[in-house]
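Breakdown of the fold
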Amino acid sequence: ESALRRFYHCGYEWSWMRPTVTVTIRDGERSVLLPDLSGVEGRILVSNGSSCFLPMQIRNQYKVDELYSMSPDTTGTPLYAAVRSTTNTSANRGQRLEIYVYPEANDDYEFKVQGYVNLQMPDDEHPYPYGGSEHTETILCLCYALAEEKILNMLGIYSAKAEQMMSHSRDMDSRKK
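It should be emphasised that the depicted structure is a prediction, and the values quoted were computed from it without experimental measurement.

Reading the values: the criteria
- Residues numbered from 1 in each chain as written.
- Predicted model: local features only at pLDDT ≥ 70, side-chain atom pairs only at ≥ 80, totals over all residues.
- Heavy atoms only, no water.
- Helix = DSSP H or I, 4+ residues; strand = E, 2+ residues; numbered from the N terminus.
- Expected span 1.5 Å × (residues − 1).
- Buried < 20%, exposed > 50% of the residue type's maximum accessible area, 1.4 Å probe, protein only.
- Contact = heavy atoms within 4.5 Å.
- Arc of directions from axis to C-beta.
- Polar contact = N/O pair within 3.5 Å; in protein donor to acceptor, adjacent residues only side chain to side chain.

To continue, consider helix α3 (residues 136–152). For α3, built from 17 residues, the straight-helix expectation of 24 Å at 1.5 Å per residue is met to within 8% by its first-to-last C-alpha distance of 24 Å. Taken residue by residue, α3 has Thr 138, Ile 139, Cys 141, Leu 142, Ala 145, Leu 146 and Glu 148 as its buried positions. In this fold, the buried residues of α3 make contact with α1 (3–8) and α4 (157–174). Asn 153, located one to two residues past α3, shows a positive phi value of around 55°.

A few words on helix α2 (residues 61–70). Residues of α2 that are buried: Val 64, Leu 67 and Tyr 68. What you see down the axis of α2 is that its buried residues fit within an arc of 100°, all on one side. Along α2, exposed side chains directed more than 90 degrees from the buried face belong to Tyr 62, Ser 69 and Met 70. Looking at the buried residues of α2, the elements they touch are β7 (80–85), β8 (97–102) and β9 (104–105). For α2, the N-terminal capping position is held by Asn 60, with its side-chain oxygen 2.9 Å away from the main-chain nitrogen of Tyr 62.

Set out below in structure tokens:
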């Protein structure tokens, strides 16, 4: 068990775990990659640059394929969307999700999507854990508490301090909701 896992999955729903993202599909495209999301929640909204966003009809990818098979050359404002997994993975990046639409976009369109964060370990490119640098002391304290439990086989001063820090982090996050 890791300190990060304890932090991320502590029973509290962190505000930053379900971000709303905006992605743009370009003229002539049928799909657009989502940023590091491991799932989509709720509706997908579409806009052609105006401030008005309209809901799309969510279908599975086979329904979108069926629509293309019946009318392959249709273009316009995307009306149907499927969220599907991509197959392009690498040593540094796992599987990603994309929005697959019908009809093919005849202009640039923006999609608004609420999703689940795909949790990654911090690295050189992203040195801070999700939630921001304001939680680093909490995570560090959780590391000490975990070491205390594993090495000393007891709950000690760091375990108590970690609980206080977790409470403080949850309070800070709840003000952002």
